[in-house]
Amino acid sequence: MPRVVPPVSSALLALVLASDAMAQPSDGTFASNQRFLPKDGEVLFRSICQGCHMPEGQGATGAGKYPALARNEKLEASGYPVFVVLNGLRGMPPFGPYLDDEQVAAVVNYVRSHLGNDYQDKVSPDDVKAVR
Amino acid sequence: MSDTEPPVSRRDLLTLIGTLAGSAVMYQAMASLGFAADSPHKGPLKLDGDPRGASVLILGAGLAGLTAALELRKAGYKVQVLEYADRIGGRCWSLRGGDRYTELGGAEQRCDFDKDLYLNPGPWRIPYHHYALLDYCHRLGVALEPFVQVNYNAWLHGQRAFGGQKQRLRHVLSDFHGHVAELLGKAVSQDKLDDMVSREDKEILLEALRRWGALNQNFTYRASLRTSDRRGYARDPGGGLSAEPEVSQPVGLGDLLKSGLWRYLATGNLYEFHTTLLQPVGGMDMIAKAFARAVGDDVIQLNAKVTSIRQDDGQVTVRYRDSRTGDNPRTASAQWCICTIPLSILSQMEINVGAAMADAISAVPYGSAIKIGLQFKRRFWEQDDAIYGGISYTDLPIGLIGYPNHGYGDRGKAVVLGAYVFDAPFAYEFTALPPAERVRKAVEWGAQIHPQYRDEFDSGMAVAWHRVPGTLGCYGQWSDAARKIHYQNLCQIDGRIALAGEHASYLPAWQEGAVLSAIDTVTRLHQRVMASR
């Protein structure tokens, strides 16, 4: 079952992307199994983050918990969510391999200005690049 | 036909091959004694010596915890098991008609599958070389049946391959091998590989390519009875009048290469997918149930949510609550503790182990995976397509369609694995949808391969492993770098606490990893207990 798949060459990747880039829903989700393709911060939140952190960013509790992103003071320092999205944290997987700098900036900016968070400063793709 | 053809002209050559094969077989026979030399499993565990009532608290009633409980109890330990969920088994799990499953976030699904039908949301196949798990299955009386990994008549499907037209595995496989054999044969015949192949090997290679690729006497891959013996016929051989078979036309090499379908051809060649694979009759959780019967229900406490693990010089004390209500805080204690709680959860918990183990516990992200079971009104894959068990692969977001490997020919409903993806965008994107929407999409996409989906769909169950309350993810997704730094530290006995589970193995996500990890931990713990006497 799950095994770590080695990175494919760029020529091969182009072929693979071409073959599964038959766009499914119009928002860019389910378009590629190699990378997330949506560019919009809210779409990225809806198609990735809410899987664990839940639709209102309220988090969830079972045997362990997924922390709430809603009204989360740890998001004040923008470098923190950028680092966690790129590298993961404890059980959370890293998303750096699946998202480019623009996408990481977009989803971090969305979360920091929605879900009851109101941080005005924006993260730029260059800020993300610096953390990679 | 071609596989059994009598030796032809190259008598010397074949004699030579026979000699080589004979010596290899001889070597293998000499190298393996009793349990296979390539397995860490050496047969039933023997824990010698009397632990004189030493006590062990086991956290988690998945296969690791159950293995530990079974062996320790047998060796004379006092054993208590705490389990978060309301059932034993952990990821060794089957969903059946009447079951209710509530995922994180509160969405509840009711399973409407017919009697004897099930979905294994977790592991669903057992390689023949998972010796430890199979050994327990045999000893605990778990009936097994074949799990079909490779079905030559199943489909390979690419959205842009052959204009989206699904292809039979036997066509893609036979034609790919045939074309490659022909190309390589040409290179050899034209002396282009002389630097790499000796004159003697060249003769052997040509003969091998001819047989492997179903080439004709001119070493070309052309439509013939010989190639149809591999890929199947346009019209199969029959009996009586009109019985003559009609040969089928191979697909061209260029079309095959551009289709990308070759990417699926090696799946069955993976060691872990080699024939024969097995599955328990009636669902994977038959294994957990057999373990629980052997361990004794009296030592397993369900609905127990562990909140902290503390050790001191004399014992380990665990605090826990009723996992349904969050009330009723209690403690359990023992001289030793084997903790099989997934690291995704343990890394959030208060536990006083040394820095090295604590760092290891926090170093492992948990993989994403989704499985969707779809019940259909009839077995159209058997009745219309002659697909009995096995797997069709696709680049659609569902990843694959797994057909039931039991109940062949039944006229009633049946359950298909309608989606299985892990560790990649599609798994996350499915997880982020509500369960009913996951099922709806699986039906929609699957209908591109089996149009019968639209009329025959009955009901579905969707399990996204990041939403499973007791695991928060599917399995420990070790990177090579993290394993190098942390794996040894994770597997040490820290004072009175030791860990076990698939995350403490080199077989991530496999039940064999959980069982082997538990056997190793129990063995070392027992040595420590006996040494301290």
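Residues numbered from 1 in each chain as written. Chains lettered and ligands numbered in written order. Predicted model: local features only at pLDDT ≥ 70, side-chain atom pairs only at ≥ 80, totals over all residues. Heavy atoms only, no water.

Asker: Can you help me understand the overall build of chain A in this one?
Answerer: Tallying secondary structure elements over chain A gives five helices and two strands in all. Listing every helix and strand of chain A by position from the N terminus yields α-α-β-β-α-α-α. The buried share among the 132 residues of chain A stands at 48%. Pairs at least 24 residues apart make up 48% of the contacts formed inside chain A by residues separated by at least 6 positions. By element, 58% of the accessible surface of chain A is carried by carbon and sulfur atoms, the whole surface being about 6600 Å². (Helix = DSSP H or I, 4+ residues; strand = E, 2+ residues; numbered from the N terminus. Buried < 20%, exposed > 50% of the residue type's maximum accessible area, 1.4 Å probe, protein only. Contact = heavy atoms within 4.5 Å. Areas by Shrake-Rupley, 256 points an atom, 1.4 Å probe, with all protein chains shown as cover.)

Asker: What is the right way to read the overall build of chain B from this model?
Answerer: Along the backbone of chain B there are 16 helices and 23 strands. The dimensions of chain B, computed from C-alpha atoms along their principal axes, are 80 × 55 × 40 Å. Nonlocal contacts in chain B, meaning residues at least 24 apart in sequence, comprise 70% of its contacts between residues at least 6 apart. Carbon and sulfur atoms provide 53% of the accessible area of chain B, an area that totals close to 22900 Å². Here chain B contributes 58 positively and 58 negatively charged side chains, and the mean placements of these two sets differ by 2 Å. (Lys, Arg positive; Asp, Glu negative; His and termini not counted. Charge placed at Lys NZ, Arg CZ, Asp CG, Glu CD.)

Asker: Can you walk me through the confidence of the model for chain A in this structure?
Answerer: Taken over all residues, the pLDDT of chain A has a mean of 88, while the share at 70 or more is 82%. Predicted confidence for residues 1-23 of chain A stays below pLDDT 50, and this span has 40 contacts to residues more than four positions away or in other chains. (pLDDT = per-residue confidence, 0-100.)

Asker: Got a minute to help me understand the sheet that holds strand 11 (residues 277-280) of chain B in this structure?
Answerer: Strands pair in a sheet through their backbones, by hydrogen bonds, and they do so in one of two ways: parallel or antiparallel. Residue and element names in this part refer to chain B. What the three strands build is an open sheet, ordered 7-11-8; its pairing is antiparallel. Pairing within the sheet leaves two strands with one partner each, and these edge strands are strand 7 (126-127) and strand 8 (144-147). One ladder, built from four bridges, connects strand 8 with strand 11; its direction is antiparallel. Bridge pairing in strand 11 places F147 opposite L277. (Pairing = 2+ DSSP bridges.)

Asker: For this particular structure, what's the right way to read unusual backbone geometry?
Answerer: All names here are of chain B. In this model, T275 is joined to T276 through a cis peptide bond whose omega is 10°. By the secondary structure assignment, T276 is in the loop between helix 7 (253-259) and strand 11. One non-glycine residue, D191, adopts positive backbone phi at about 60°. One non-glycine residue, F219, adopts positive backbone phi at about 60°.

Asker: I keep staring at the packing of helix 2 (residues 63-74) of chain B against helix 3 (residues 131-139) of chain B and nothing clicks. Help me out?
Answerer: Two measures define how a pair of helices packs: the angle their axes make with one another and the distance between the axes. Residues and elements named next belong to chain B. Where helix 2 contacts helix 3, the two axes come as close as 13 Å, and the packing angle between them is 60°. Taken together, the axes of helix 2 and helix 3 are oblique relative to one another. Where helix 2 crosses over helix 3, the handedness of that crossing is left-handed. Facing helix 2, whose interface residues are L63, T67, L70, E71 and K74, helix 3 presents L133, Y136 and R139. Taken together, the residues of the contact of helix 2 with helix 3 break down into four nonpolar, one polar and three charged. (Axes fitted to C-alpha atoms, helices over the stretch in contact; angles between N-to-C directions. Parallel < 35°, antiparallel > 145°, perpendicular 65-115°, else oblique. Left-handed = near helix turned anticlockwise from the far one by under 90°. Nonpolar A, V, L, I, M, F, W, Y, C, P; charged D, E, K, R; others polar.)

Asker: Sorry if this is basic, but what is going on with the sheet that holds strand 14 (residues 316-322) of chain B here?
Answerer: If you trace the four strands from one edge of the open sheet to the other, you get 15-14-13-17 (chain B), paired in mixed fashion. Looking along the sheet, the strands with just one partner apiece sit at the ends: strand 15 (330-334) and strand 17 (350-351) of chain B.

Asker: Honestly, the UniProt feature "domain: Amine oxidase" (unreviewed entry) in chain B in this entry has me stumped. Any pointers?
Answerer: The positions UniProt marks with the feature "domain: Amine oxidase" (unreviewed entry) are residues 63-525 of chain B. Split by type, residues 63-525 of chain B is 32% helix and 21% strand. Its first and last C-alpha atoms lie 18 Å apart. (UniProt positions renumbered as here; feature names shortened; annotations may be inferred.)

Asker: Please explain the environment of Q488(B) as it appears in this structure.
Answerer: The residue Q488(B) is located in helix 15 (residues 480-491) in this model. Separated by 128 residues in the primary sequence, Q488(B) and A360(B) place their C-alpha atoms 8.7 Å from one another.

Asker: Help me understand the packing of helix 2 (residues 41-53) of chain A against helix 4 (residues 101-113) of chain A, please; the structure alone is not making it clear to me.
Answerer: All names here are of chain A. Taken N-terminus to C-terminus, the directions of helix 2 and helix 4 make an angle of 90°; their axes are 8 Å apart at the nearest point. If you check the angle between helix 2 and helix 4, you find them roughly perpendicular. In this structure, helix 2 uses G41, E42, L44, F45, R46 and C49 to contact helix 4, whose residues at the interface are Q103, A106, V107, Y110 and V111. The class makeup of the residues in the contact of helix 2 with helix 4 is seven nonpolar, two polar and two charged.

Asker: Explain the packing of aromatic side chains here, please?
Answerer: Aromatic ring pairs are described here by two measures, namely the spacing of the ring centres and the angle between the planes. Enumeration over the complete set of coordinates arrives at 28 aromatic pairs over all chains. Considering the side-chain rings of F36(A) and Y98(A), the 5.9 Å spacing of their centres and the 85° angle between planes classify their relative orientation as edge-to-face. On the criterion of sequence distance, the pair formed by F36(A) in the loop between helix 1 (10-20) and helix 2 and Y98(A) in the loop between helix 3 (79-87) and helix 4 is long-range, its members being 62 residues apart. Here F36(A) and Y98(A) have matching classes, each one buried. With a centroid separation of 5.9 Å and an interplanar angle of 85°, the aromatic rings of F430(B) and W445(B) are classed as edge-to-face. In this pair, F430(B) is assigned in helix 12 (residues 425-431) and W445(B) in helix 13 (residues 435-446), connecting sequence segments 15 residues apart. We note that F430(B), like W445(B), is buried. A cation over an aromatic ring shows up here: R168(B) above the ring of W155(B), its NZ or CZ 3.8 Å from the ring centre. Of note, R496(B) hangs over the ring of W336(B), and the distance from its end group to the ring centre comes to 4.7 Å. (Phe/Tyr/Trp six-rings, centres within 6.5 Å; stacked < 30°, edge-to-face > 60°. Lys NZ or Arg CZ within 6 Å of the ring centre and 35° of its normal.)

Asker: What am I meant to see in the pairing of strand 18 (residues 369-376) of chain B here?
Answerer: Looking along a regular strand, one sees the side chains alternate between the two faces of the sheet. Residues and elements named next belong to chain B. Extensive coverage of strand 18 is indicated by the burial of eight of its eight residues. With eight bridges joining them, strand 18 and strand 21 (residues 414-422) adopt antiparallel strand pairing. Its bridge partner lying in strand 21, A369 is registered against F422. Note that strand 18 and strand 22 (residues 457-464) share seven bridges and pair antiparallel. Its bridge partner lying in strand 22, K371 is registered against V463.

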